[in-house]
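Okay, here's what each chain looks like letter by letter:
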Number of protein chains: 2
Amino acid sequence: MIDYSILVKSPLFNGISEEECRTLCSKIHYQVRKFEKDAIVVQGGEEVTNLFVVLSGSVRGEMIDYSGKTVKIEDIEAPRPLAAAFLFGKENKFPVTVTANKKAELLAIPVVEFLKLLQLNTRLLRNYLNSISTRAQFLSQKLHFLSFKTIKEKVAHFLLQQAGDRFHSFELKNTQQQLAELFGVTRPSLARVLGEMQSENLIKIEKKTVTLLDKQGLNSLLQNG
Amino acid sequence: MIDYSILVKSPLFNGISEEECRTLCSKIHYQVRKFEKDAIVVQGGEEVTNLFVVLSGSVRGEMIDYSGKTVKIEDIEAPRPLAAAFLFGKENKFPVTVTANKKAELLAIPVVEFLKLLQLNTRLLRNYLNSISTRAQFLSQKLHFLSFKTIKEKVAHFLLQQAGDRFHSFELKNTQQQLAELFGVTRPSLARVLGEMQSENLIKIEKKTVTLLDKQGLNSLLQNG
DNA sequence: GGCAAAATGTATCAATTGTTACAAAATGAT
DNA sequence: ATCATTTTGTAACAATTGATACATTTTGCC
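Because the structure is predicted, anything quoted here is derived from the model rather than measured.

A. Inspection of the nonpolar core at higher detail. Among the nonpolar cores identified, the biggest contains 96 residues, and Leu7(A), Tyr128(A), Leu7(B) and Tyr128(B) are the most heavily contacted of them. Those residues in contact with Leu7(B) that lie beyond four places of it in its chain are Ile2(B), Phe13(B), Cys21(B), Cys25(B), Val53(B), Leu55(B) and Leu107(B). Val155(A), Leu182(A), Ile203(A) and Leu222(A) belong to the second-largest nonpolar core, a separate cluster that totals 25 residues.

B. The protein's contact with DNA strand D, seen in detail. The immediate surroundings of DNA strand D are formed by 18 residues, with Gln176(A), Lys208(A), Thr150(B), Ile151(B) and Ser189(B) found nearest. The contact in question runs from a base nitrogen of DNA strand D to an N or O atom on the side chain of Arg187(A), over 3.0 Å. Only helix H6 (176-183) and helix H7 (187-199) of chain A together with helix H7 (187-199) of chain B provide two or more residues apiece to the surface near DNA strand D. Class assignment for the residues of the surface near DNA strand D results in five nonpolar, seven polar and six charged.

C. Up close: the pairing of strand S7 (residues 97-100) of chain A. Residue and element names in this part refer to chain A. Neither face of S7 is open: one carries Thr97 and Thr99, the other Val98 and Ala100, and all of them are buried. Where strand S2 (residues 40-42) and S7 come together, two bridges link them in antiparallel fashion. Looking across to S7, one finds that valine 42 is bridged to valine 98.

D. Structural view of the protein's contact with DNA strand C. In the vicinity of DNA strand C lie 16 residues, with Thr150(A), Ile151(A), Ser189(A), Arg192(A) and Gln176(B) positioned nearest. Counting only the atoms of DNA strand C within 4 Å of the protein, the fraction contributed by sugar and phosphate is 51%. Between DNA strand C and the protein, one listed contact pairs a phosphate oxygen with a side-chain N or O atom of Thr186(A) at 3.3 Å. When residues of the surface near DNA strand C are traced back to their parent elements, those giving at least two are H7 of chain A together with H7 of chain B. When residues of the surface near DNA strand C are assigned to their parent elements, the largest contribution, four residues, is made by H7(B).

Calculation notes
- Residues numbered from 1 in each chain as written.
- Chains lettered and ligands numbered in written order.
- Predicted model: local features only at pLDDT ≥ 70, side-chain atom pairs only at ≥ 80, totals over all residues.
- Heavy atoms only, no water.
- Core = buried A, V, L, I, M, F, W, Y, C linked by side-chain atoms within 4.5 Å.
- Buried < 20%, exposed > 50% of the residue type's maximum accessible area, 1.4 Å probe, protein only.
- Contact = heavy atoms within 4.5 Å.
- Near = heavy atom within 4 Å.
- Polar contact = N/O pair within 3.5 Å; in protein donor to acceptor, adjacent residues only side chain to side chain.
- Helix = DSSP H or I, 4+ residues; strand = E, 2+ residues; numbered from the N terminus.
- Nonpolar A, V, L, I, M, F, W, Y, C, P; charged D, E, K, R; others polar.
- Pairing = 2+ DSSP bridges.

What is shown is where atoms sit, not what they do.
Below, the structure written as structure tokens:
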């Protein structure tokens, strides 16, 4: 019924052996649902009563806007879970309508059964808690960045945070493109600001190494913004 | 040691009887830590290795900016938990420095022990999952709003949300000044955009009454932005 | 109705950022 | 080492928004 070799590759079941996975699943009720191409898996607005994991094929999330048109949000391939962040909480309704891109099989575990699983296996519990926590932290960080108005402020904040109290120099682990996305700005705009900050002798960039030349100055950008 | 009548009023232990609570706690290791007024409970940046619940007194979360100034973020009174959203995930460090406002007692449960608790009691597990999920959903919504780049997009989103599916006309309950603050823009900029949207025949504003003349058009602003 | 205060409409100019395009530099694979 | 790909630097121009100022309208109150 379930191909456990695929299931254990899902972020949720990561680190759990196939054997253990089989044992776990034998202890709960679940369904494997099959969908033909373009079949609707769940309607947006429906209450989330099951955890879905894509076992084969792929599905897409689509949002219905105020005029009734559908807009594709993202593709979800096997073996990723579906709307795992909406299983709990106040608004546990699907934010999107999910449709099968092609023939697809989905594992459906009712919430109550999923709770049992979480209580049976510590690794699974940790995986799930980590995934929704990481998501919340990501959102929180992103919000913080958006609260700074200018790009220079965002950059100053980011660099000071990365450097911490002790260091004045560190390695960038992201490309400018990735940083630009984190800040919600375009890449050339970010590059321009980085250039300006260098000519103002606030920072120095060599390859991937950033050196903060004037922490005081960087700070004052955050105050007077 | 622990005043269970207070603990069960905490959102985490909500719906669990005092008796059950006592039994649960007897099965794990924990500490009750006492702090004098102005004692530091945790330094910002420290790894979160314990779940803290304020049992008596109150503490405050403060952020230390890069120039050394402290900014108060929020007060946490008994029996609320502390940084519950940062127990798991990639960045499980305290985002704030926590200081006692007055004499305070805090329950400290190591992460591993808290996991045990979650596996012992379904209600507790549900409470915790609900609290971090609700937080993630709140952040997600807030982010969605901030993610609109232009003022026009923000206005369009706001108006469509206010009107809902059915209505085309409604009363504004806020002044332009208040709306401008909600959107994070200046008042004249908002007025200009409202004027533009009127001359584009998207909306009509009479006194406090807003009429949506072209929902389709408002929608397309959100797509192509 | 008349009056003061608040809210709104509008204009001008500066500052910031986006857009697009292209060249230089760095990286990675063979 | 060489070549293709990715990343970065940079420039010119457009679009958006902020800042400031002032006139006009609306509101609340007497």
